[in-house]
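One letter stands for each residue in the lines below.
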Amino acid sequence: MSDPRCQGAGMQSDDATEPLYLQELRQSLAEWAAISSQMIDLLHETAGSERSRNWRPHFTQIVMAVQTFGDRCRSEAEAFGLWRVDGLEADDVFERIREQGQRLVDWLQRMMAE
C-alpha cells in the first residue's frame, strides 16, 4: 500500500469511519436477513393450515428461496463496503440485492396467491 491513494485505506470497515449511508445500507441488509428468518418461521407455522393449501406443495422450494435470499443478505452485510473481486461498489451490491428481493416478493405473491 505504498500508493498515496491507498494511504489509510483498510481492508476492514470500521463503523466509526464508515460513511453513514453505508451503515444504513448494511443495516437494511441485516434487517432483510432477519425478516427472511421470520418468514421461514411463519411458513413453518402456517404450513398445516387451510390457507396454505395452494402453496403447501411448493413449501420446500419457497423456504429454500427465502433462505437463500436471507443468507445472501447476511453474507453481504458482513462483507459490505469491503473490496470485492467483481469490483462492484457497495451501492451497486445493495441495488442488486434489492432487485433480487423484489423478484422474490413478486414470485412469492404468485406462488402463494389464494
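As the structure is a prediction and not an experimental result, all values here were calculated from the model.

S.K.: Residues and numbers for helix α1 (residues 20-46), please.
M.R.: In this model α1 runs 38 Å from its N-terminal to its C-terminal C-alpha over 27 residues, within 8% of the 39 Å that 1.5 Å per residue would give. If you check which residues of α1 are buried, you get L22, L25, R26, L29, A33, S36, I40 and L43. On its buried face, α1 sits against α2 (59-79) and α3 (90-111).

S.K.: If you had to explain the layout of surface pockets to someone new, which residues and values would you point to?
M.R.: When its volume is computed, the second largest pocket comes out at roughly 200 Å³. Lining the second largest pocket are W32, I35, S36, M39, F69, I97, R98, G101, Q102, L104, V105 and L108. Residue assignment for the lining of the second largest pocket shows that the elements contributing at least two residues are α1 and α3. The residue inventory of the lining of the second largest pocket, partitioned by class, reads eight nonpolar, three polar and one charged.

S.K.: How would you explain α2 if you had to name every residue and give the values?
M.R.: Compared with an ideal rise of 1.5 Å per residue, which puts 21 residues at 30 Å, α2 spans 30 Å between its outermost C-alpha atoms and is within 8% of the ideal. Three or more residues of α2 are buried, namely F59, I62, V63, V66, F69, G70, C73, E76 and A77. Just beyond α2, the residue with positive phi is G81, at close to 85 degrees.

S.K.: Please set out the environment of T46 residue by residue, giving values where relevant.
M.R.: Tracing the backbone shows T46 in helix α1. Residue T46 is classed as partly exposed on the basis of its relative accessible area of 29%. Taking the C-alpha atoms as reference points, T46 and R56, separated by ten residues in sequence, lie 9.3 Å from one another. Ignoring sequence-local partners within four residues, the contact set of T46 consists of S52 and W55.

The rules behind these values
Residues numbered from 1 in each chain as written. Predicted model: local features only at pLDDT ≥ 70, side-chain atom pairs only at ≥ 80, totals over all residues. Heavy atoms only, no water. Helix = DSSP H or I, 4+ residues; strand = E, 2+ residues; numbered from the N terminus. Expected span 1.5 Å × (residues − 1). Buried < 20%, exposed > 50% of the residue type's maximum accessible area, 1.4 Å probe, protein only. Contact = heavy atoms within 4.5 Å. 1 Å grid on protein atoms, 1.4 Å probe; cavity = no way out; pocket = protein on both sides within 12 Å on 5 of 7 lines; lining within 4 Å. Points joined across faces, edges and corners; volume = space filled by probe spheres on them. Nonpolar A, V, L, I, M, F, W, Y, C, P; charged D, E, K, R; others polar.

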